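Understanding the architecture of this molecule
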Amino acid sequence: MPNLIKQTINKITGLDLNDRFNEDWDSKSTFGVILRMSVWFLRGLWKRLWFKASSGMLLIGKGVTIRQSNYLSVGRNFIAQDNCEINCLSQKGIVFGDKVTVGSYAIIRPTNLYGGEAGIGLKVGNNSSIGPYAYIGCSGYIEIGNNVMMSPRVSIYSENHNFGDTGQPMIEQGVTRSYAIIEDDCWIASNSIILAGVTVGKGSIVAAGSVVTKDVPPYSVVGGNPAKVIKSRKKALYKKED
């Protein structure tokens, strides 16, 4: 790709295309990606008119659904990939920091689509991603920190159905809202489930297929159903240095 085009795109979007398209990329493939990004950029220009707040570049893929977008705030270089669904009606709104990506077919849902009490909402920090096919049920409050990597098909819940009264159907007993927190610099691997009332500590790794029912200490590697601590990243580092 000619340097002039790279420099122009970098000036407009803040993206360093030299890092994204090195010598392994042929010109045709590079041009195809740039063309798709351009279409997403134009779509973003239209969508952002109804956001509560936005800044910098905004890329919106095809088939993206954003409901009640006046409750949505996004930072610089936000990307919503193809066919994801972001429902925004919530007490604290949906807030994304800089360089956040919502993967294809992911669903973010704080409030029932057909009415009812508004959920609490979601906050995602800088340079974090919500993976493809994820489900983020933020009827309680969900907070995801900075530099969080989320693989495909992760589910995070912040409420539990009430079931104490056996005299009436569970569907009529409502829910108890709670929270879920993922602190900075975590990796949530594919098909993991994080349940309500859980905090995943800073620098932790949740192994693929885990069901997290209890708090995860910082810098831990957890796995299984229910998830248990496998090892500490800190201790592993100390042993290596010794």
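Overview of the structure. (Residues numbered from 1 in each chain as written. Predicted model: local features only at pLDDT ≥ 70, side-chain atom pairs only at ≥ 80, totals over all residues. Heavy atoms only, no water.)

1. Notes on a nonpolar patch on the surface
Formally: A residue counts toward a patch only above 30% relative accessible area and without a salt bridge, and it is joined to like-charged neighbours within 9 Å or, for Val, Leu, Ile, Met, Phe, Trp and Tyr, to nonpolar neighbours within 5 Å. Areas reported as accessible are Shrake-Rupley estimates using a 1.4 Å probe. Residue values count occlusion only from the protein chains shown. The term salt bridge refers to a pairing of a side-chain nitrogen on Lys or Arg with a carboxyl oxygen on Asp or Glu at a separation within 4 Å. The helix and strand labels rest on DSSP assignments: H or I over at least four residues marks a helix, E over at least two residues marks a strand, and numbering proceeds from the N terminus. Relative accessibility decides the category of a residue: with a 1.4 Å probe and only protein chains considered, values under 20% of the type maximum give buried, values over 50% give exposed, and everything between is partly exposed.
Where nonpolar side chains cluster on the molecular surface, the patch consists of Phe31, Leu35 and Val39 and spans about 300 Å² of accessible area. Assignment of secondary structure puts valine 39 in helix H3 (residues 27-47). According to the relative accessible area criterion, valine 39 is partly exposed, its value standing at 40%.

2. Brief notes about the nonpolar core
The test is simple: Here, nonpolar core means buried Ala, Val, Leu, Ile, Met, Phe, Trp, Tyr and Cys residues that are tied together by side-chain atoms lying within 4.5 Å of each other. Any two residues whose heavy atoms approach within 4.5 Å at even a single point are treated as in contact.
Counting 41 residues, the largest nonpolar core has Phe78, Phe96, Ile108, Leu122, Ile130 and Ile156 as its most contacted members. Of all elements in the fold, only strand S1 (58-60), strand S3 (72-74), strand S4 (78-80), strand S6 (94-96), strand S9 (121-124), strand S12 (141-144), strand S17 (179-182) and strand S20 (198-200) reach the threshold of two or more residues within this core. Setting aside residues no more than four positions away along its own chain, isoleucine 108 makes contact with Glu85, Ile86, Asn87, Ile94, Phe96, Val102, Leu122, Ile130, Ile136 and Cys138. Formed by seven residues, the second largest nonpolar core is a distinct cluster that contains Val33, Ile34, Trp40 and Met57.

3. Overview of the packing of aromatic side chains
Where we set the bar: Centres within 6.5 Å make a pair out of two Phe, Tyr or Trp rings, where for Trp the six-membered ring is used; the pair is then stacked when the planes are under 30 degrees apart, edge-to-face when over 60, and tilted otherwise. Charge-over-ring placement is defined geometrically: NZ (Lys) or CZ (Arg) within 6 Å of the ring centre, and within 35 degrees of the ring normal.
What the rule picks out here adds up to four aromatic pairs. Taken together, a centroid distance of 4.7 Å and an interplanar angle of 65° make the contact between tryptophan 46 and tryptophan 50 edge-to-face. Its relative accessible area of 54% is what places tryptophan 46 among the exposed residues. For tryptophan 50, a relative accessible area of 45% puts it in the partly exposed group. Geometrically, the ring pair formed by tyrosine 135 and tyrosine 157 is tilted, given 5.7 Å between the ring centres and 35° between the ring planes. One end of the pair, tyrosine 135, is in strand S11 (residues 135-137); the other, tyrosine 157, is in strand S14 (residues 155-157), and 22 residues separate them in sequence. Over the face of the ring belonging to tyrosine 219 we find lysine 234, whose NZ or CZ atom lies 4.6 Å from the ring centre.

4. With respect to the pattern of salt bridges
Counted according to the given criterion, the structure contains three salt bridges. The partner of glutamate 85 in a salt bridge is arginine 67, with the nearest N and O atoms 3.3 Å apart. Here glutamate 85 is found in strand S5 (residues 85-87), whereas its partner arginine 67 is found in strand S2 (residues 65-67), with 18 residues between them in sequence. Relative accessible area serves as the criterion here: at 32%, arginine 67 is assigned to the partly exposed category. Ionic pairing is found between glutamate 85 and arginine 109, a salt bridge with its closest N-O pair at 2.6 Å. Of this pair, glutamate 85 sits in strand S5 while arginine 109 sits in the loop between strand S8 (107-108) and S9, and the two are 24 residues apart along the sequence. A relative accessible area of 14% places glutamate 85 in the buried class. Three or more residues joined by partner-sharing salt bridges are found here, namely Arg67, Glu85 and Arg109.

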